[in-house]
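Descriptive analysis of the structure
Single-letter residue listing:
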Amino acid sequence: MEKALRSLVMLFVKYKILANILIAVTVIFGLIALSNINLSFFPESKPRSIIIQVVYPGASPQEMEEGVTLKVEESIRNIAGIDEIISTSSENNANINIVTLKGYDIDEIYTEIKNAVDRINGFPLGAERPIIFKQKPQTTAQWLGLTGDVDLMTLKRVAEDIEDDLLASGVISQITIMGFPELEISINVSEVNLARYGLTFDDVTQAVRNTNRDISAGLIKTESEEVLIRSRAKQTDAQRIGDIVIRSNQDGSNLLVSDVAEVEERFAEVPFKSTMNGKTAVFIRVDKLAEEDLLTISKYIDGYVEDFNNKQSAINLEVSYDFMDMLGQRLQMLMSNGGFGLLLVLTSLGLFLSLRLSFWVAWGIPSSFLGMFIIGSFVGITLNMISLFGMILVVGILVDDGIVIVENIYSHFEKGKNPYPAAVDGTVEVMPAVFVSVSTTIVAFTPLLMLEGGMEIMFEMAVV
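Below is a summary of the structure that appears in this document.

Definitions and cut-offs
- Residues numbered from 1 in each chain as written.
- Predicted model: local features only at pLDDT ≥ 70, side-chain atom pairs only at ≥ 80, totals over all residues.
- Heavy atoms only, no water.
- Helix = DSSP H or I, 4+ residues; strand = E, 2+ residues; numbered from the N terminus.
- Rg over C-alpha atoms; globule rule 2.2 N^0.38 Å.
- Buried < 20%, exposed > 50% of the residue type's maximum accessible area, 1.4 Å probe, protein only.
- Contact = heavy atoms within 4.5 Å.
- Areas by Shrake-Rupley, 256 points an atom, 1.4 Å probe, with all protein chains shown as cover.
- Lys, Arg positive; Asp, Glu negative; His and termini not counted.
- Charge placed at Lys NZ, Arg CZ, Asp CG, Glu CD.
- Expected span 1.5 Å × (residues − 1).
- Bend = angle between axes of the 7 residues up to and from the residue.
- Polar contact = N/O pair within 3.5 Å; in protein donor to acceptor, adjacent residues only side chain to side chain.
- Phe/Tyr/Trp six-rings, centres within 6.5 Å; stacked < 30°, edge-to-face > 60°.
- Pairing = 2+ DSSP bridges.
- Axes fitted to C-alpha atoms, helices over the stretch in contact; angles between N-to-C directions.
- Patch = residues over 30% accessible without salt bridge, like charges linked within 9 Å, V, L, I, M, F, W, Y side chains within 5 Å.
- Salt bridge = Lys/Arg side-chain N within 4 Å of Asp/Glu carboxyl O.

Observations regarding the overall build of the protein chain
Across its full length, the protein chain carries 14 helices and 16 strands. For a compact globule of 464 residues, the expected C-alpha radius of gyration is about 23 Å, and the protein chain comes in at 33 Å, more than 25% above that figure. In the protein chain, buried positions account for 34% of the 464 residues. In the protein chain, 73% of the contacts between residues at least 6 apart in sequence involve partners at least 24 apart. Carbon and sulfur atoms form 57% of the exposed surface of the protein chain, whose accessible area is close to 28,200 Å². Looking at charge distribution, the protein chain has the averaged site of its 36 positive side-chain charges lying 7 Å from that of its 59 negative ones.

Structural notes on the environment of Leu-5
Relative to the assigned elements, Leu-5 resides in helix α1 (residues 2-14). Among the residues examined, Leu-5 registers a relative accessible area of 21% and is labelled partly exposed. For the pair formed by Leu-5 and Met-178, sequence separation is 173 residues and the distance between their alpha carbons is 61 Å. Excluding anything up to four places from it in sequence, Leu-5 contacts Val-428 and Met-431.

A look at helix α3 (residues 61-76)
With 16 residues, α3 extends 21 Å from end C-alpha to end C-alpha; this agrees with the ideal 22 Å at 1.5 Å per step. Along α3, the largest kink reaches about 35 degrees and is centred on Thr-69. Burial in α3 covers these residues: Met-64, Gly-67, Val-68, Thr-69, Val-72, Glu-73 and Ile-76. In the core, the buried residues of α3 are packed alongside β1 (49-55), β2 (82-90), β3 (93-100) and α4 (106-118).

Notes on the side chain of His-412
With respect to the element layout, His-412 can be found in helix α13 (residues 385-414). Among the residues examined, His-412 registers a relative accessible area of 8% and is labelled buried. Only 2.6 Å separates the side chain of His-412 from the side chain of Glu-429, close enough to count as a polar contact. In this view, His-412 contacts Lys-417, Ala-422, Asp-425, Gly-426 and Glu-429; residues no more than four positions away in its chain are not counted.

Section: the packing of aromatic side chains
For the structure on display, the rule yields 2 aromatic pairs. Judged by centre distance (5.0 Å) and plane angle (70 degrees), the rings of Tyr-321 and Phe-323 are edge-to-face. According to the relative accessible area criterion, Tyr-321 is partly exposed, its value standing at 26%. Given a relative accessible area of 3%, Phe-323 falls into the buried group.

Re the sheet that holds β2
Paired through their backbone hydrogen bonds, the strands of a sheet run either parallel or antiparallel. With antiparallel pairing, 4 strands are arranged side by side in an open sheet as β2-β3-β1-β4. A strand with exactly one partner marks an edge of an open sheet, and here the two such strands are β2 and β4 (131-134). Across the sheet, the mean angle from the axis of one strand to that of its neighbour is 15 degrees, orientation sign disregarded. Taken together, the 8 bridges between β2 and β3 define a ladder with antiparallel strand orientation. What sits directly across from Ile-85, in β3, is Ile-98. Strand contacts of α3: β1, β2 and β3, with the helix running at about 165 degrees to β2, the strand carrying the most contacts.

Describing a negative patch on the surface
Residues Asp-302, Glu-306, Asp-307 and Asp-325 make up a contiguous surface patch of negative charge. Looking at where Asp-302 falls in the secondary structure, it is placed in helix α10 (residues 294-311). The partly exposed category is assigned to Asp-302, whose relative accessible area is 37%.

This is how it looks when you write it as structure tokens:
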């Protein structure tokens, strides 16, 4: 082992062109890799969750639990590869989050879950078809708050316009709007109108139920094509629901829902309100996928917010939290620590040993990082809070190991050896100790790679 190490060191000492080529390759390809690396707040991880959502309009949480959630859980319970099932039953909908075990193919589990749910034939009559999808690997990039001296419905519509603008940018692909109750179509039937037209409440209900729905009537097969027969009459607009015909009169006129009831689109009457700076607010969460860059998203949104506020007077858009700010602070800490370390190395070693030796010790810091970026570009790492913490941690280790090797080389030089033998003997003598030192650090932090689970940041929002 020592003989092979000595031969390797002698090769670079004897043929300096090899060392110069290695330095040039490290600098060029390291800078290229650094320019192409994405920024993310947390390390990107492969998704292991499958989500099942079922909507049942008008159902209470208990009805959702008994009629939907328990049936779904029972159908998928024995599927191999499921680690945990987290279910939430709330008014009008059920959400089942299935966490898969590491090592299982999530695509195969998804297919088995979908087949199992499709076999369920005991859902309530009014329940909609289950929606099953795999969770995308994404992390939060920014939170935006929309406030103004307008009603909540206007804020919601403006937030949807902002969503369309951001999605059309080509930079952002994942946006969630929140901060308001769910929308619902309210049909307020008047008893006076029912008596006037000789109707009952069930007549209005039956008219809406029979008319406002999608119906499949099969298909017609010919030699050249298949024709799907389907009536698509389901409406979500208040005005169109008001135009539903309850009955046709003898004079040829139609009695509409809007003639006997007030139809309006409004927020559900639930105790929910979100505020920011004391004003009613709607929040926009911007997420990023693994292939998207946090810095690019942050710059684009900052410019969009500035342009939006310049055009609006009654509504204000504000970045309430930007993950790039915290990541930027960590980057600043890395650069300041690295720069301060370089300065200390150049100063201390230049005074006590040699300025030339101090330069090569200092070069060990950027060269190590550039080499890491080259390797990282092949495995898909990102600059995130965890990787930056590791870089900050190893700055001191790099300086310490460089000083140990250089000081030992200089001690051999002081004993009267020529520079080349001193470089070889000094390096080979301490290299095993340096290798063991670095290896123990790697072994000590390796268990962190085995940790499982998600990383979350808790936000404090003014919710009344």
